[in-house]
Amino acid sequence: MADKTPLFDAHLDAGGKMVDFAGWMMPVNYGSQIEEHTAVRSDAGMFDVSHMTIVDIDGPDAQGFLRKVIANDVAVLEENQALYSAALNAHGGILDDLIVYRLAKGYRCVVNASTREKMLDWFEGQAMVNMRIEHKPQVMLAIQGPAAIDKLLVATDLESLDIKPFYAATHGDWLIGRTGYTGEDGVEVMLPAEQGIDLWHNLLQAGVKPAGLGARDTLRLEAGLNLYGQDMDETKSPLVSNIGWTVAWEPAERAFIGRYALQQEREAVSHRLTGIVLEDKGILRHDQPVQTDAGPGLVTSGTYSPTLQRSIGLVRVPVDAGEHCTVEIRGAAKKARLVKPPFVRKGKILVN
Amino acid sequence: MSDIPAELKYAATHEWARLEEDGTVTVGISDHAQSALGDVVYIEAPEMGLTVAAQDEAGVVESVKAASDIYAPVGGTVCAVNEALTDSPEIVNQDPYGDGWFFKLTPTDPADLVELLDAEGYAEVCADED
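Cut-offs used in this document
Throughout, residues of each chain are indexed from 1 in the direction in which the sequence is written. The order in which chains are written sets their letters, starting at A; the order in which ligands are written sets their numbers, starting at 1. Reporting in this predicted model follows two pLDDT cut-offs: at least 70 for local features of residues, and 80 or more for side-chain atom pairs to be given and counted; totals over whole chains, interfaces and linings ignore these cut-offs and use all residues. To obtain the side-chain values, all non-hydrogen atoms of the structure were included, while hydrogens and water were left out. Residues belong to one nonpolar core when they are buried, are Ala, Val, Leu, Ile, Met, Phe, Trp, Tyr or Cys, and are joined through side-chain atoms within 4.5 Å. Relative accessibility under 20% of the residue-type maximum defines a buried residue, over 50% an exposed one, and the middle range a partly exposed one, all with a 1.4 Å probe and only protein chains included. Only DSSP runs of H or I with at least four residues qualify as helices, and only runs of E with at least two residues qualify as strands; both kinds are numbered from the N terminus onward. Residue ranges assigned to each domain were obtained from an automatic or database domain assignment. Note on contacts: a residue pair qualifies if any of its non-hydrogen atoms lie within 4.5 Å across the two residues. Working note: the arc is built from the helix axis to C-beta atom directions. Here the quantity called buried area is the total loss of accessible area, with a 1.4 Å probe, experienced by two parts when brought into contact, counted for both. Each salt bridge in this description consists of a side-chain nitrogen of Lys or Arg and a carboxyl oxygen of Asp or Glu lying within 4 Å of one another. Just so you know the grouping, Ala, Val, Leu, Ile, Met, Phe, Trp, Tyr, Cys and Pro go in nonpolar, Asp, Glu, Lys and Arg go in charged, and all remaining residues, Gly too, go in polar. By the criterion applied in these results, polar contacts are pairs of N or O atoms within 3.5 Å in which, for protein atoms, one can donate a hydrogen and the other can accept it, and in which residues neighboring in sequence qualify only through two side-chain atoms.

Participant: What's the story with the nonpolar core in this structure? I'm lost.
Facilitator: Across soluble globular proteins, nonpolar side chains have a tendency to be buried as a group. All names here are of chain A. Counting 31 residues, the largest nonpolar core has Phe47, Leu88, Ile94, Tyr101, Val110, Met190 and Leu262 as its most contacted members. Element by element, the count of residues in this core is highest for strand 6 (residues 82–88), at 4 residues. Shared between two domains, this core takes at least three residues from each, and those domains are domain 1 (3–47 + 138–222) and domain 2 (51–122 + 237–267). For Val110, the contacting residues outside a window of four places in its chain are Met52, Thr53, Ile54, Asp97, Leu98, Ile99, Tyr101, Met140 and Met190. Counting residues in hydrophobic clusters, the runner-up holds 27 residues, among them Ala44, Leu158, Trp174 and Val189.

Participant: Please clarify how the environment of A:Arg116 should be interpreted in this entry.
Facilitator: All names here are of chain A. Here Arg116 shows up in helix 4 (residues 116–126). Residue classification places Arg116 among the buried residues on the basis of a relative accessible area of 13%. Separated by 48 residues in sequence, Arg116 and Lys164 have C-alpha atoms that sit 29 Å apart. Non-local contacts of Arg116, meaning those with residues more than four positions away in its chain, are made with Trp24, His51, Met52, Thr53 and His135.

Participant: Would you mind going over helix 5 (residues 148–155) of chain A with me for this structure?
Facilitator: Each turn of an α-helix holds 3.6 residues, which means side chains three or four residues apart point in the same direction. Residues and elements named next belong to chain A. All of the buried residues along helix 5 are Ala148, Ile149, Lys151, Leu152 and Ala155. Angularly, the buried residues of helix 5 cover 165 degrees about the axis, an arc narrow enough to put them on a single face. Summarising the geometry of helix 5, the exposed residues directed more than 90 degrees from the buried face are Asp150 and Val154. Lining the buried residues of helix 5 we find strand 10 (139–144), strand 13 (186–191) and helix 6 (193–205).

Participant: Before we go on, may I ask you to explain the interface of chain A and chain B in this structure?
Facilitator: When the parts come together, some accessible area is lost, and that loss is often what is quoted as the size of the interface. Across the contact, 14 residues belong to chain A and 15 residues belong to chain B. Here chain A and chain B share an interface that buries about 1,300 Å² over both sides, 47% of which is from carbon and sulfur atoms. It is A:Lys281, A:Arg285 and A:Arg330 in chain A that bury the most area against chain B; as a group they hold 42% of the surface buried on that side. Linking chain A to chain B there are 4 salt bridges. For B:Glu44, the salt bridge identified is with A:Arg330, shortest N-O distance 3.2 Å.

Participant: Help me understand the domain arrangement of chain A in this model?
Facilitator: Residues and elements named next belong to chain A. Once the domains are mapped, chain A shows domain 1 (3–47 + 138–222), domain 2 (51–122 + 237–267) and domain 3 (270–349). Centre-to-centre separation of domain 1 and domain 2, based on C-alpha positions: 25 Å. Counting from both sides, the interface comprises 17 residues of domain 1 and, opposite them, 17 residues of domain 2. Approximately 1,500 Å² of surface area, both sides summed, lies buried where domain 1 meets domain 2, with 67% of it carried by carbon and sulfur atoms. Here domain 1 and domain 2 share 0 salt bridges between them. Its residues assigned to classes, the side of domain 1 that touches domain 2 comprises 11 nonpolar, 4 polar and 2 charged.

Participant: Quick question: what am I supposed to make of the side chain of A:Thr5 here?
Facilitator: All names here are of chain A. Of note, Thr5 is situated in the loop between strand 1 (3–4) and helix 1 (8–13). According to the relative accessible area criterion, Thr5 is buried, its value standing at 4%. Those residues in contact with Thr5, other than ones at most four positions away along the chain, are His11, Trp24, Met26, Asp48, Ser50 and His51.

Participant: For this particular structure, what's the right way to read the environment of A:Lys17?
Facilitator: Residue position: A:Lys17 is located in strand 2 (residues 17–21). When the C-alpha positions of A:Lys17 and A:Arg254 are compared, they lie 46 Å apart, and in sequence the two are 237 residues distant. From its side chain, A:Lys17 meets the backbone oxygen of B:Ser35 in a polar contact 2.3 Å long.

So, in structure tokens, the structure goes:
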């Protein structure tokens, strides 16, 4: 039996079509995925992301622990600042991607729902002596879109929201991060369950449109953001997953797990993950084969882009691949073009 | 509860079929199917003149979410395709039993329609999936 978030009934009330996602009953849409997508690009939408795994880590060894288990370096973080990183295995393969917040007391990590058991076990196994790891289920709401902050202020007792991108602030029991997975401005709010249900209803009143996992996927893909398990997994490193920028090589003496393997790979990186736009008719999908002038590649994510009104995707190709390529869709070679993601940011189309 | 018109015949794979007065069979996907797929964004229609047996693949419908094969409910030869769907695939969501039809077949044997489900039988198929 799949788990339910505290907002399960609220989703049903809003007409959510519920599906099992990584062991959670979650809304895939509330009628039209495209309308929900457009609401986030042009106004404001909200996503229940309470299925994600919130892990608080504190104690004198917390920083040393995180500097070992993730490839980015938390030592650079100021209080209330966040960073995006991968956690690697010894071979440099990606175990998960996560956001880490530096809080007044310790750190908060948000890891994927689909990797919960694996990551909690991995953290426990790597734990140092003087630290505590606490899995802390809460409601987590992502409120995203150009009008998201204005509507959040209407829906709450917040008078203003002065948080820079990739920073957070506390408000009573809430942690509000200026983060998201859509390419639009917005926040992700983590808060106790009862307050989360109230916030959902107040946001509805303020005109924020509920958006499901379907819209979340098309929005993140337009924003050029990876989905763990699809665009990257334990057999792929950050260097071939378009997130090489999250690897903190300096200071050289910081021995994070996977560093040695990554250093070897860095000398001759074979592939890159980039964007792809389909020129012919059809829809790109995960696992479709691609032919480039430098050899074969594979579509890792593909969909119909409501903003571009054509099919886009992410693709892993040889590093030297040129712009023009073909994708095999049901046996036919369709013309496509490699482009640099993101496809859309803050409502604007960035690719031709 | 989805709309299942009593006058149509259905395949368990969610196509509907209607025998027209001119002897051709019009084929589309059910309201249940369009709802399960979500926003339809691309249709790959069969070629005109293609001859298919019952349950052969005869096109693809893609929503934002996923691709799904369309199967011929009865055997026959494709004699018309709905070209309006090329530029406006959303018609499938808006009017699955009307303007959202996919193609027409000249059936090999019109009696094959008898093999298909009636509305009641198809409603059971849908109920089992929910």
